[in-house]
Amino acid sequence: MALGFIKKIFSFGKKEVEEVSAEEPQVAAEAQESLAAPADDTVASAPSVEEAVEEAAVLPAEALGAIEVESPVADEPATKPETVAESEPEILPEIAPVVVEQVEAAAEASGRAEPEHIPAFEPHAVPVESAPVPEEPEPEPEAADEPSGIAIDMIPGPMDDADIGPVEIPAPEAPTADIEPAGAVDTPAPVAKPSTNKVTVTRFVEDKKPDEPLPAEPARRLSWFERLRKGLSRSSQQLGDSIGGIFTKRKLDEDTLQDLEDVLIQADLGMETAIRVTDALSATRYGKDISTDEVRTIMATEIEKVLGPVAKPLELDLSHKPHVILVVGVNGTGKTTTIGKLAAKLTAGGLNVMLAAGDTFRAAAIEQLHIWGKRTGAPVVSSKLGADAAGLAFDAWKQAKEAGSDVLIIDTAGRLQNRAELMEELAKIVRVLGKHDPDAPHTVLQTLDATTGQNALNQVEIFKNIAGVNGLVMTKLDGTARGGILVAISAKHKLPVYFIGVGEQVDDLEPFAAKDFAKAIAGVA
Ligand SMILES: Nc1nc2c(ncn2[C@@H]2O[C@H](COP(=O)(O)OP(=O)(O)OP(=O)(O)O)[C@@H](O)[C@H]2O)c(=O)[nH]1
């Protein structure tokens, strides 16, 4: 049963951002600088793991402060002024109900009539206290040892349609700003929850139906396929041109097969899939004339065989409260944007979602997550710039538990896979979460930028080993000529691919469909 519900926007007060003292940002700035190191940085040039862990461990003690709860914020512009006067939570008398696009879609999918109006309700202040984070048994000091300054931005409901657009990420800034908590917690409009502990997340959150295929949505599906084809047109066009060049007036022989194999490898599909395709061709058509259309069709069939086993819906086990999703990946691969899109799906499906701004290196990243929280109605737990990410994750779990959240999604700072000290920080986040719940994080999602090409193979290898990645999201498939890399990654790593990102908008996250993708990349109608 698809679930979709209406959320409302309430305006309460302003979030305040204040200047940070001179010493703290300097440490954070160093950390930030290390993150911004060029891609060709080697491990040898980086500080040792021990040094880095020591350094990281100092951060939270300096950076964390008293824990407070941020008041709900009024409709703010996407780019917020540095300082906004704090005010008592302001209660607007009544705001017309706002229906977000995907909520409409969810309601439509579930056959629900669209409610005409949802009555406003009044916000109330709920102080939230931070939890002290226990020490880790290892010699490395945990940020959790220190009291931490956590702000929770409780967002009452989705913004209206006019506010939904690409997130503008402010230019990197000196770490002088701090997210200042304020005062009240607003409870989002109540929404019905899934009735079982297992749900699948596709376009919507649904009760898991083990033996049934996901409900078909013919009209929407067609437009989705067209969009996918458009997004992958550069990849398929390049491939099609090359194939056309090989098979014009030539019979299928050893040379043509070798040429085709080279073309498929150049298109990032990977050796394994290239051999699959040429084997399939030679098995049935060797020595015969063959058209490019036939080659494309066989190619699509073979690619689908590779992708089929990894195209799985994201499953959330709601017997874990919260089900923790940790989102990891290299800088700029789309972690925060994917979190926003995913949170929109989950909240529209009636789940209580909390977000944690674990990218404590960039003020802009924290701000970006707050914007997504506001759009989706998900409260955001954040801390001071430069705070220890593991400590924040630990506290966020506790906040989510206390709030009864179904799902906690934790953002992390982007990091290159060859930066050993940063990868160790990621491992620490995983370990710390395990203290609350041995199975947490339950889902470790890695975002991959489709424009990256071959390097993505190596990224998956290392993140999988260090952070236990158990699912992938490939972003930026709109407009890249390198979409074939997803096939190579699937063949090599065999990790589930839950979603693909085809744009910056909130609904540009689509469940991964093997057949559609295979046809789109092979250029088959
Ligand atoms: N075209 C397109 N752009 C995307 C997609 N997903 C994310 N982006 C854009 O990619 C840029 C980086 O996205 P972020 O979500 O900030 O990436 P991140 O991994 O959180 O970045 P760091 O925190 O710096 O590591 C932003 O401009 C996004 O709007 C997508 O599917 N398609």
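Worth saying up front: this structure is predicted, and the values here are computed from it rather than measured.

1. A look at the overall build of the protein
Right, so step 1: Across its full length, the protein holds 15 helices and 15 strands.
Right, so step 2: Residues classed as buried in the protein amount to 52% of the 525 residues present.
Right, so step 3: Partitioning the contacts of the protein with sequence separation of at least 6, the portion at a separation of at least 24 is 85%.

2. Focus: the UniProt feature "domain: SRP54-type proteins GTP-binding" (unreviewed entry) in the protein
Right, so step 1: The positions UniProt marks with the feature "domain: SRP54-type proteins GTP-binding" (unreviewed entry) are residues 496–509.
Right, so step 2: Between the C-alpha atoms that bound residues 496–509 there is a distance of 15 Å. The span itself is 0% helix and 43% strand.

3. Let's talk about the pairing of strand β12 (residues 443–449)
Right, so step 1: With 7 of 7 residues buried, β12 is to be regarded as a mostly interior element.
Right, so step 2: Residues Thr 443, Leu 445, Thr 447 and Asp 449 point to one face of β12 and Val 444, Gln 446 and Leu 448 to the other, with burial holding for every one of them.
Right, so step 3: The sheet contact formed by strand β8 (residues 323–328) and β12 spans 4 bridges and is parallel. Within the sheet, the bridge partner assigned to Ile 325 lies in β12 and is Thr 443.
Right, so step 4: When β12 meets strand β13 (residues 471–475), the two strands line up parallel, connected through 5 bridges. Looking at β13, one finds that Leu 448 is bridged to Met 474.
Right, so step 5: As for the winding sense of the linkage, the β-α-β connection from β12 through helix α13 (residues 455–467) to β13 is right-handed.

4. Comments concerning the sheet that holds strand β6 (residues 205–207)
Hydrogen bonding along the main chain pairs the strands of a sheet, whether they run parallel or antiparallel.
Right, so step 1: The strand order β6-β5-β7 describes an open sheet built from 3 strands, whose pairing is antiparallel. One side of each edge strand has no neighbouring strand; the edge strands of this open sheet are β6 and β7 (314–317). Ignoring which end each strand starts from, the neighbouring axes of this sheet average 35 degrees apart.
Right, so step 2: Pairing of strand β5 (residues 198–201) with β6 involves 3 bridges; the strand directions are antiparallel. Bridge pairing in β6 places Val 201 opposite Val 205.

5. Some remarks on the packing of helix α5 (residues 233–247) against helix α8 (residues 292–307)
Right, so step 1: Axis separation between α5 and α8 bottoms out at 9 Å; the angle between their running directions is 130 degrees. In this view, α5 runs oblique relative to α8, as classed from their interaxial angle. Relative to α8, the crossing made by α5 is right-handed. The segment α5 lies against α8, with Ile 243, Gly 244 and Phe 247 engaging Thr 292, Val 295 and Arg 296.

6. A look at the environment of Ala 450
Right, so step 1: You can see Ala 450 is positioned in the loop between β12 and α13.
Right, so step 2: Taking the C-alpha atoms as reference, Ala 450 lies 6.8 Å from Thr 480; in sequence the two are 30 residues apart.
Right, so step 3: Setting aside residues up to four positions removed in sequence, Ala 450 forms contacts with Met 474, Thr 475, Lys 476, Leu 477, Thr 480, Arg 482, Gly 483, Ile 485 and Leu 486.

7. Notes on the site of the ligand
Right, so step 1: Around the ligand, 23 residues are found, and the nearest of them are Gly 334, Thr 336, Thr 337, Gly 414 and Gly 501.
Right, so step 2: A class-by-class count of the residues in the shell around the ligand yields 5 nonpolar, 12 polar and 6 charged.

8. Quick look at helix α6 (residues 254–266)
Right, so step 1: An ideal rise of 1.5 Å per residue puts 18 Å on 13 residues; α6 measures up with 18 Å between its terminal C-alpha atoms.
Right, so step 2: Of the residues one or two after α6, Asp 268 is the one with positive phi, at around 70 degrees.

9. Looking at the nonpolar core
Right, so step 1: Leu 355, Ala 393 and Ile 409 are the most contacted members of the largest nonpolar core, which has 111 residues in total.
Right, so step 2: Residues from two domains meet in this core; each of domain 1 (16–29 + 53–111 + 151–160 + 194–202 + 313–441) and domain 2 (231–309) gives at least three.

10. Side note on the pairing of β13
Right, so step 1: Buried residues dominate β13, accounting for 4 of its 5 residues.
Right, so step 2: Where β13 lies against strand β14 (residues 497–501), 3 bridges are found, and the strand directions are parallel. Directly across from Met 474, in β14, lies its bridge partner Ile 500.
Right, so step 3: For the handedness criterion, the β-α-β arrangement of β13, helix α14 (residues 485–493) and β14 is classed as right-handed.

11. Looking at the environment of Lys 398
Right, so step 1: With respect to the helices and strands, Lys 398 occurs in helix α11 (residues 389–403).
Right, so step 2: Residue classification places Lys 398 among the partly exposed positions, given that 19 C-beta atoms sit within 10 Å.

12. Remarks on the packing of α11 against helix α12 (residues 420–436)
The geometry of a pair of packed helices is captured by two quantities: the angle between their axes and the separation between those axes.
Right, so step 1: Their axes nearest at 8 Å, the elements α11 and α12 cross at an angle of 25 degrees. As judged from the angle between their axes, α11 and α12 are roughly parallel. For the pair α11 and α12, the crossing hand works out as right-handed. For the pair formed by α11 and α12, the contact residues are Ala 389, Ala 390, Ala 393, Phe 394 and Trp 397 on the first element and Glu 425, Lys 428, Ile 429, Val 432, Leu 433 and His 436 on the second.
Right, so step 2: Looking at the contact of α11 with α12, its residues break down into 8 nonpolar, 1 polar and 2 charged.

13. Topic: unusual backbone geometry
Right, so step 1: With omega at 5 degrees, the peptide bond leading from Lys 321 into Pro 322 counts as cis.
Right, so step 2: Looking at where Pro 322 falls in the secondary structure, it is placed in the loop between β7 and β8.
Right, so step 3: Geometrically, the link from Ala 440 to Pro 441 is a cis peptide bond, its omega value of -5 degrees lying close to zero.
Right, so step 4: Structurally, Pro 441 is set in the loop between α12 and β12.
Right, so step 5: Of note in the backbone geometry, Asp 268 takes a positive phi value of approximately 70 degrees without being a glycine.
Right, so step 6: Residue placement: Asp 268 occurs in the loop between α6 and α7 (271–285).
Right, so step 7: The backbone phi angle of Lys 494 is positive, close to 55 degrees, even though this residue is not glycine.
Right, so step 8: Mapped onto the elements, Lys 494 comes out in the loop between α14 and β14.

14. Some words on the confidence of the model for the protein
Right, so step 1: With 61% of its residues at a pLDDT of 70 or more, the protein has an overall mean of 71.
Right, so step 2: Predicted confidence for residues 1–148 stays below pLDDT 50, and this span has 337 contacts to residues more than four positions away or in other chains.
Right, so step 3: Contacts for the low-pLDDT stretch residues 155–187, under 50 throughout, to residues beyond four places or in other chains number 123 contacts.
Right, so step 4: Prediction confidence for the complex, expressed as pTM and ipTM, is 0.64 and 0.98 respectively.

Criteria and thresholds
Residues numbered from 1 in each chain as written. Predicted model: local features only at pLDDT ≥ 70, side-chain atom pairs only at ≥ 80, totals over all residues. Helix = DSSP H or I, 4+ residues; strand = E, 2+ residues; numbered from the N terminus. Buried ≥ 20, exposed ≤ 12 C-beta atoms within 10 Å, placed from the backbone. Contact = placed C-beta atoms within 7 Å. UniProt positions renumbered as here; feature names shortened; annotations may be inferred. Pairing = 2+ DSSP bridges. Right-handed = clockwise from strand over helix to strand, strands pointing away. Axes fitted to C-alpha atoms, helices over the stretch in contact; angles between N-to-C directions. Parallel < 35°, antiparallel > 145°, perpendicular 65-115°, else oblique. Left-handed = near helix turned anticlockwise from the far one by under 90°. Near = placed C-beta within 6 Å. Nonpolar A, V, L, I, M, F, W, Y, C, P; charged D, E, K, R; others polar. Expected span 1.5 Å × (residues − 1). Core = buried A, V, L, I, M, F, W, Y, C linked by C-beta atoms within 7 Å. Domains from an automatic or database assignment. pLDDT = per-residue confidence, 0-100.

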